[in-house]
Amino acid sequence: MAAHLSYGRVNLNILREAARKELREFLDKCAGTKAIVWDEYLTGPFGLIAQYSLLKEHEVEKMFTLKGGRLPPADVKNIIFFVRPRLELMDIIAENIFSEDKMHPARDFHILFVPRRSMLCEQRLKEQGVLGSFVNIDEYILDLIPFDGDLLSMEYESAFRECYLENDQTSLYHTAKGLMTLQALYGTIPQIFGKGDCARHVANMMLRMKREFAGIQNQILPVFDTLLLLDRNVDLLTPLATQLTYEGLIDEIYGIHNGYVKLPPEKFAQKKQGEGSKDLPTEPKKLQLNSAEELYAEIRDKNFNAVGAALSKKAKIISAAFEERHNAKTVGEIKQFVSQLPHMQAARSSLANHTSIAELVKDITTSEAFFDNLTVEQEFMTGVDTDKVNTYIEDSIAQKDPLIKILRLVCMQSVCNNGLKQKVLDYYKREILQTYGYEHILTLSNLEKAGLLKPQTASRNNYPTIRKTLKLWMEDANEQNPNDISYVYSGYAPLSIRLTQVLARPGWRSIEEVLKMLPGPHFEERQQLPSGLHKKRQQGENRTTLVFFLGGVTYAEIAALRFLSQMEDSGMEYIIATTKLINGTNWMKSLMDRPQSQTS
């Protein structure tokens, strides 16, 4: 099921198995039949760790979503609540317990906090008078979840907001804990580099935790050579831009959640000859997207303009393979053809799915609206007219385009201009509030706090210097056969990934001046390894770096890192970890104070 997690340089299945083992141990603590009541947000991440079959083996008979009122009927001995430590969820649990049918034989209640127990939540349960009802109160430490062979995410949706708006460092503590778990399984990481205030905090916590366990020597040969911690606010520009890789565009348009995407069903309907379209499906088509699917692994990180050619090449290979059946003469040859049939049929069905997805995406990317939006983004990135009111943004507000689109563009202009002139900023704010409603004043204030939308101070605009020094804009980016990471945004090289690239070679000393222009400190720490655990590197063996994005990472950035891993001369393989997989839309939503009205 999770074989694709062990294909890469680092076997991430070890982490998944450790998480599964802990889950089994907890379930076995509650003897007898069980029903699980899920905090809805957790079902996606848990699905990546354990399928229903594993729960069934441990006597889980029913599963419900946590909601107010009475629990649905279930003839079980144990009721287990799987919840995040949120106060509002405690009130719902209390309501569930109070409305238990007194006629029923008593059931045992258990609560499992993910990823940590919380004194505040237990206090709330006590105030509600239900704390004594629980037989077990426990925590299930699910920090880093393997999403793919080179990708880990905590799926901590509010991490960026908490760190930059609310000054709450809970997510950083979870990150440090997650990295300690990782080191317990994969060995101590000898070198730590970082950029940004949050990165500094996480590194300090890790070093402190290591000192607290000073007596316990980690005897595992290190798998990672380097850890790079990067704050999201070091590079606020990248998530605002429209991603142009295949996977990035699927996420921008439809949203990928816990490795799944839901798509409009019409394109996937199997029409039979001579039948009308009377029975078109109405349920969205749900597809899993990861590297276990051969074709997806091949095209996911390509610029979308190179996907069509890749699909037609694949189609030719598959039809040629099916034609082979005419050449199979002997019994042995026929047998061999038949044995390959399941694989060929899976490849054909995979091709059909991705051809349909590509058509859906192409409908959007070839539209005038998409092109106009992209043109403005690229003008901002190259420094064209970033200091005055943009007519395209003005027109979009006048046409009441989705607010998120407007906010992304205005923030992008602000970031590329190191803040907007007060007059320009006030104009945008006034237009947005008058068109979309005054409740959004809180959102604008949040964007200002996060540094995304700010007035220009006296200091000069550093962005052009950063752009030139780090070569953030490459004219004529080769989208078909890329030779630089800038292909993921058709010309713009993500700043975060340029920093990663320069760190590997020639090192950050060469860009000391630029690093000082970016927010937060940059640092290097070394962790002592027990003697005998120093790696003897073989000739030509690559080094492995874990890049941890604090506050979220986009699929286009992941594609750029995979591109660097595959480059012949890079000598470096990258594993990616993050607090959350993000795109410009869900990132903006996390900073809005009334996200439900964002499209009005």
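Every value quoted in this text rests on a predicted model; they were computed, and no experiment measured them.

Caption draft 1: Region of the structure containing the domain arrangement of the protein chain. Domains assigned within the protein chain are domain 1 (3-142) and domain 2 (369-417 + 419-459). Placing the centre of domain 1 and that of domain 2 at their C-alpha centroids yields a distance of 43 Å.

Caption draft 2: Region of interest: helix 2 (residues 40-49). Burial in helix 2 covers these residues: Leu42, Pro45, Phe46, Leu48 and Ile49. For helix 2, the angular spread of the buried residues around the axis is 145 degrees, confining them to a single face. Residues of helix 2 that are buried in the fold lie against helix 1 (13-29), strand 1 (34-38), strand 3 (78-83) and strand 6 (145-148).

Caption draft 3: A look at the side chain of Arg467. Note on placement: Arg467 falls in helix 19 (residues 463-469). For Arg467, which is buried and forms no salt bridge, the nearest opposite charge comes from Glu475, at a distance of 8.4 Å. A polar side-chain atom of Arg467 sits 3.5 Å from the main-chain carbonyl oxygen of Met381. Dropping the residues within four chain positions of it, Arg467 is found in contact with Met381, Thr382, Gly383, Leu472 and Trp473.

Caption draft 4: Layout of a negative patch on the surface. Taken together, the side chains of Asp28, Glu59, Glu61 and Asp75 define an acidic patch exposed on the protein surface. With respect to the secondary-structure elements, Glu61 resides in strand 2 (residues 60-65).

Caption draft 5: Here's a closer look at the packing of aromatic side chains. Scanning all chains against the criterion turns up 15 aromatic pairs. An aromatic cluster of at least three residues, connected via ring pairs, comprises Trp38, Phe46, Phe82 and Tyr140. The ring of Tyr260 carries Lys286 above its face, with NZ or CZ at 4.7 Å from the centroid. When the ring centre of Phe322 is taken as reference, the NZ or CZ atom of Arg348 above it lies at 3.9 Å.

Cut-offs applied
- Residues numbered from 1 in each chain as written.
- Predicted model: local features only at pLDDT ≥ 70, side-chain atom pairs only at ≥ 80, totals over all residues.
- Heavy atoms only, no water.
- Domains from an automatic or database assignment.
- Buried < 20%, exposed > 50% of the residue type's maximum accessible area, 1.4 Å probe, protein only.
- Helix = DSSP H or I, 4+ residues; strand = E, 2+ residues; numbered from the N terminus.
- Arc of directions from axis to C-beta.
- Contact = heavy atoms within 4.5 Å.
- Lys, Arg positive; Asp, Glu negative; His and termini not counted.
- Salt bridge = Lys/Arg side-chain N within 4 Å of Asp/Glu carboxyl O.
- Polar contact = N/O pair within 3.5 Å; in protein donor to acceptor, adjacent residues only side chain to side chain.
- Patch = residues over 30% accessible without salt bridge, like charges linked within 9 Å, V, L, I, M, F, W, Y side chains within 5 Å.
- Areas by Shrake-Rupley, 256 points an atom, 1.4 Å probe, with all protein chains shown as cover.
- Charge placed at Lys NZ, Arg CZ, Asp CG, Glu CD.
- Phe/Tyr/Trp six-rings, centres within 6.5 Å; stacked < 30°, edge-to-face > 60°.
- Lys NZ or Arg CZ within 6 Å of the ring centre and 35° of its normal.

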